Amino acid sequence: MRKWLPALLALSVISIFLGIYFGPVSLSFHDVAESVDYGVKTTIASWLSWVLDKLALVIHSNVLAEEAKYVAERASGQPPEYFTIVWQLRLPEVLLAYFVGLALASAGVASQALFRNPLADPYIIGISSGAALGAAIATLINPLYMAPFALVFSFLSVFIVYAIARTNGAVPVDTLLLAGIAYGFLANAITWYIYVTHPQESHLGWMWLLGSFNGSTWRDVAVMLVVSVLGVLFLSWRWRELNLILLGEESIALGLDLHMYRKIFLGVIATLTAFAVYTAGIIGFIGLVSPHIMRLLLGPNHRELTPATALFGGVLLVVADLLARTVAKPTVIPVGIVTALMGAPFFLYLLMRHKRGELVA
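Residues numbered from 1 in each chain as written. Predicted model: local features only at pLDDT ≥ 70, side-chain atom pairs only at ≥ 80, totals over all residues. Heavy atoms only, no water.

Asker: Help me understand the packing of aromatic side chains in this model?
Answerer: The description of an aromatic ring pair uses the distance of the two centres, along with the angle that the planes make with each other. For the structure shown, the criterion picks out twelve aromatic pairs. Ring centres of Phe17 and Phe29 lie 5.7 Å apart, and the angle between their planes is 55 degrees; on these two criteria the pair is classed as tilted. Here the residue Phe17 occupies a position in helix H1 (residues 4–21), and Phe29 occupies one in helix H2 (residues 29–59), the gap between them amounting to twelve residues. For Phe17, a relative accessible area of 30% puts it in the partly exposed group. Measuring from centroid to centroid gives 6.3 Å for Phe149 and Phe153, while their planes differ by 15 degrees, and the two rings are stacked. Of the two residues, Phe149 and Phe153 both sit in helix H6 (residues 146–165), four residues apart, roughly one turn of that helix. Here the aromatic residues Phe17, Tyr21, Phe22 and Phe29 are joined through ring pairs into a cluster of three or more. Against the face of Trp237 rests Arg238, its NZ or CZ located 4.4 Å from the ring centre. (Phe/Tyr/Trp six-rings, centres within 6.5 Å; stacked < 30°, edge-to-face > 60°. Helix = DSSP H or I, 4+ residues; strand = E, 2+ residues; numbered from the N terminus. Buried < 20%, exposed > 50% of the residue type's maximum accessible area, 1.4 Å probe, protein only. Lys NZ or Arg CZ within 6 Å of the ring centre and 35° of its normal.)

Asker: I'm lost on the confidence of the model for the chain in this one. Help?
Answerer: Note: predicted coordinates in regions of low pLDDT should not be interpreted at a detailed level. On average, residues of the chain score 82 in pLDDT, and 84% of them reach the 70 mark or higher. Looking over the chain, one finds the lowest element-wise mean pLDDT in helix H11 (residues 250–253), namely 53, and the highest in helix H9 (residues 218–237), namely 94. (pLDDT = per-residue confidence, 0-100.)

Asker: Would you take a moment to explain helix H4 (residues 83–114) for this structure?
Answerer: Think of an α-helix as 3.6 residues a turn; residues three or four steps apart then line up on the same face. The terminal C-alpha atoms of H4, which comprises 32 residues, lie 45 Å apart, in line with the 46 Å expected from a rise of 1.5 Å per residue. At the exit of H4 stands Arg116, carrying a positive phi of roughly 50 degrees. (Expected span 1.5 Å × (residues − 1).)

Put into structure tokens, the structure is as follows:
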């Protein structure tokens, strides 16, 4: 077993527990344990009852139908006092923060390899700006469409930037980066124009632009669980290609189809970032900070670096969300502000090292 894995898993569990434990409402360890225990038991019982009921309908079994009713009755006991706070509010929020952190951090480490730029992160090609533009347009049509519009515009942004950067069948990295930055400025300008000229709708978009886990649902958690885990597994599986991409055009001589893998990794990065924006809004710097910290500890080999970065990114975002809920309580600060306060000084430090030639991807 890799030495770093138990430490990061333990750190993940501790951060998630602290995220549930601390908040505007003070809870005891007993309150948390009792609510989680009740939630797990009732959830399992509800699913089991549903399965038995459907099975009874298929095979026309009265015995299974009665068993389904019995299981459902066992699951309908009186919930603990703080069950709503723990199970329906804090736990989905903390778990969503962890899986969004997983997605952003793994997208960040892939971005730095793909662009061969140690200052790259998932937002450099305009994905977040496109998502914000989609959310702004949705506020003019129907606020209920904010999340779907953000998701669609995230993917649309990737296609636009990639099409602009494509030259004679190739996509130069520098051109792709410049196209992404230019598109990001344009999308941001349109977004702010919409909010400035329609102030009655602007309040719906501010939390989205600043990032927030308020109102997280178990559906959001399920979506990010699937997307982030699949993304991390894929990037961890293709660690050799990420290592080779760092060589640039020289990797072609080693048998790597560089252009194909650029498209594949760009699609994975876009998907991870788009779903993160879809569920939590614009949250920066996790994809920048986490890869660098893990690279200092584990080295540049993506076999170790990619999964470790993902787990550490989950921890970082849970801690950021915890600070957002507790630093100025009862006021909840948008988590994007906290990550910016954490990440901006780190970015300036990396920029100075890069300027002196001390930093490599």
